[in-house]
Amino acid sequence: MKAAADHFQWTPQQPTNELEFKRAYARVASAAGLTREQAVRVYAFETGGNGNHASQSGFHGSHAISTAIGYNQLLTTNTVELLAEQGPEFVKALTEKAAHLSGPARQTMDRKIAVLKKMVTLARSVPDEWAQHEKIGDTPQGWALHAMVLDVDVGPLLQTHKLLTSVIFARAKGFMRPLSAAELEMMNLTGDGTGLDMVTMPQPLREQVPTSNFFQRGGYERNPVAIRNNTVAKLLAVTDSRMDSNSNLPGAKELAAAF
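Residues numbered from 1 in each chain as written. Predicted model: local features only at pLDDT ≥ 70, side-chain atom pairs only at ≥ 80, totals over all residues. Heavy atoms only, no water.

**A look at the overall build of the protein**
A count of helical and extended segments in the protein gives 15 helices and 2 strands. In summary, the protein has a C-alpha radius of gyration of 18 Å against a globular reference of 18 Å for 259 residues, a match within 12%. Taken over the C-alpha atoms alone, the protein extends approximately 60 × 45 × 40 Å along its principal axes. Counting only residues that meet the buried cut, the protein has 49% of its 259 residues in that class. Once local pairs closer than 6 in sequence are excluded, the contacts in the protein between residues at least 24 apart make up 65%. Of the roughly 12,300 Å² of accessible surface on the protein, 52% is carried by carbon and sulfur atoms. Side-chain charges in the protein split into 26 positive and 25 negative, and the spacing between the mean points of these groups amounts to 3 Å. (Helix = DSSP H or I, 4+ residues; strand = E, 2+ residues; numbered from the N terminus. Rg over C-alpha atoms; globule rule 2.2 N^0.38 Å. Buried < 20%, exposed > 50% of the residue type's maximum accessible area, 1.4 Å probe, protein only. Contact = heavy atoms within 4.5 Å. Areas by Shrake-Rupley, 256 points an atom, 1.4 Å probe, with all protein chains shown as cover. Lys, Arg positive; Asp, Glu negative; His and termini not counted. Charge placed at Lys NZ, Arg CZ, Asp CG, Glu CD.)

**Examining helix α10 (residues 192-199)**
Taken residue by residue, α10 has Gly 195, Leu 196, Met 198 and Val 199 as its buried positions. Down the axis of α10, the sector holding all buried residues measures 155°, keeping them to one side. Close packing links the buried residues of α10 with α8 (154-172), α9 (181-190), α11 (203-206) and α14 (232-246). (Arc of directions from axis to C-beta.)

**Structural notes on the environment of Met 148**
Position of Met 148 among the secondary structure elements: in the loop between α7 (140-146) and α8. Met 148 sits in the buried class, given a relative accessible area of 0%. Distance in space between the C-alpha atoms of Met 148 and Gly 193 is 26 Å, their sequence separation being 45 residues. Dropping the residues within four chain positions of it, Met 148 is found in contact with Trp 10, Lys 112, Val 115, Leu 116, Met 119, Val 154, Gly 155 and Leu 158.

**Quick notes on the nonpolar core**
Ranked by size, the top nonpolar core spans 41 residues in total, and within it Tyr 25, Leu 179, Phe 214, Val 232 and Leu 235 carry the most contacts. Contributions of two or more residues to this core are made by α2 (18-32), α3 (36-47), α8, α9, α10, α13 (224-228), α14 and α15 (250-258). Here this core gets 6 residues from one element, more than from any other, and that element is α3. Setting aside its immediate chain neighbours within four residues, Tyr 25 contacts Ala 39, Tyr 71, Pro 156, Gln 159, Thr 160, Leu 163 and Leu 255. The next biggest cluster of nonpolar side chains, apart from the first, holds 31 residues, and it includes Ala 3, Leu 83, Phe 90 and Ala 144. (Core = buried A, V, L, I, M, F, W, Y, C linked by side-chain atoms within 4.5 Å.)

**Thoughts on the side chain of Ser 55**
Assignment of secondary structure puts Ser 55 in the loop between α3 and β1 (59-60). Side-chain polar atoms of Ser 55 contact the backbone nitrogen of Asn 52, separated by 2.8 Å. Sequence-distant contacts of Ser 55, that is, excluding residues within four places in its chain, are made with Ala 68, Ile 69, Gly 70 and Gln 73. (Polar contact = N/O pair within 3.5 Å; in protein donor to acceptor, adjacent residues only side chain to side chain.)

Bear in mind that shape data such as this cannot, by itself, settle questions of function.
Here it is in structure tokens:
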């Protein structure tokens, strides 16, 4: 947020309460074709079933273990990549919303659109490659872009499209049946290509193949769930189990009711 103020003279518009963000997210997710089960169960797994829109990965001492924020835990690189690839659609969505506003609310939205356009320009100033987006994400300007995850208008778009790009990727590769929430989480967690390898793996292989094959070393070593459940089958099973239990917590129930 400090970076957003420093580099764009802008502060994300956070919700007055968590239900406001959940309703905004549910509207965007439903319109995009995500199911309530997919969205709620991913939220339940990623935030523990009670997390808010600003939930960040667990802390060790005074430092977070990663830059992941939100209902399905976007990294700074995810935010940069989504702004680069989906930014014009986000601008269009906000412009359509602005057309129905007037007075101070319209001025606030117009200012947000202007900032978003500048952020999209920055995100698209490099080739559309993960490594290039990662470089931007590791700068103060990239942190400023990441503040958009907290915004009540743009945050739901980012959260939704992080999952939607996985659904689209799977379909493009010929995987036509709906992804279960646990399968979608594997793609969210490890990346679309790697995650789809896990999703399409026959069950006998799932029982044998180590989860370490699907993570970068640093990501694997700070993921105790993947380490303890060290085959694909075990990781999918524990993911489903956690989704089951955490979906019964108040935050997950509130999100489900928002759909």
